[in-house]
Amino acid sequence: GTQRSPRAPASSAFDSSLMERLFVYGSLTAGCSPAARLAGARYLGEVWTAPGFELVRYVDDYPALTHVRAPSPGDSLRRVRGELYEVDEALLRSLDDFEDVPELYRRESIELDSGEEVFAFVIPSDEAEHWERLPEPHWEEGRERPSRA
């Protein structure tokens, strides 16, 4: 017979054991040039992280998702908007390479506001301390860099 992944429940009516859910929030979102890398993935909709996440302006002006660090009052309520995709293992490995895991980003499980646990590319809070916090809960490609007045 065919072997099933140990993650697939025995009662599953179909074998989705090779699929993972991935939260994207930066250049992989629809309308951005690298988003073509998600060809073949199934778009599941716009979603929000659970409270306690923020974006920082990271290497080459791209965003990085991180847990809120040194929170001020209200910071624990910060969330990030992104897109949810269903991806297979091969695409996930390809995206790991694209996102330079583990040198630049880490692929970790995060919680969405729905309570669902999904993968996302993140940086550790201690690394985020060295980068500017983005005030918006989302990122858009082509945004001009802030002036250094």
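Look up a bit, the structure's there.
Residues numbered from 1 in each chain as written. Predicted model: local features only at pLDDT ≥ 70, side-chain atom pairs only at ≥ 80, totals over all residues. Heavy atoms only, no water.

Novice: Is there a simple way to think about the pattern of salt bridges in this case?
Specialist: If charged atoms from side chains of opposite charge come close, those side chains can pair. Considering all chains together, one arrives at nine salt bridges under this definition. With its nearest N and O atoms 3.2 Å apart, the salt bridge here joins Glu116 to Arg21. In this pair, Glu116 is assigned in the loop between β6 (106-111) and β7 (117-122) and Arg21 in strand β1 (residues 19-24), connecting sequence segments 95 residues apart. Under the relative-accessibility criterion, Glu116 is labelled partly exposed at 27%. Of the residues examined, Arg21 reaches a relative accessible area of 31% and is grouped as partly exposed. Here Arg57 makes a salt bridge to Asp61, at a shortest N to O gap of 3.0 Å. For Arg57, a relative accessible area of 14% puts it in the buried group. (Salt bridge = Lys/Arg side-chain N within 4 Å of Asp/Glu carboxyl O. Helix = DSSP H or I, 4+ residues; strand = E, 2+ residues; numbered from the N terminus. Buried < 20%, exposed > 50% of the residue type's maximum accessible area, 1.4 Å probe, protein only.)

Novice: How do you make sense of the nonpolar core when you look at a structure like this?
Specialist: Within soluble globular proteins, side chains that are nonpolar generally end up buried alongside one another. Among the nonpolar cores identified, the biggest contains 33 residues, and Phe23, Tyr25, Leu38, Leu65, Val87 and Ile110 are the most heavily contacted of them. Among the elements that take part in this core, β7 stands out by supplying four residues, more than any other. (Core = buried A, V, L, I, M, F, W, Y, C linked by side-chain atoms within 4.5 Å.)

Novice: What exactly am I supposed to notice about the environment of Val87 here?
Specialist: Tracing the chain through its elements places Val87 in strand β5 (residues 81-88). Judged by relative accessible area, Val87 falls into the buried class, the value being 1%. Linking Val87 and Ala39, residues 48 residues apart in sequence, is a C-alpha distance of 9.6 Å. In this structure Val87 touches Leu18, Met19, Glu20, Leu22, Leu38, Ala41 and Leu92, once residues within four positions along its chain are discounted. (Contact = heavy atoms within 4.5 Å.)

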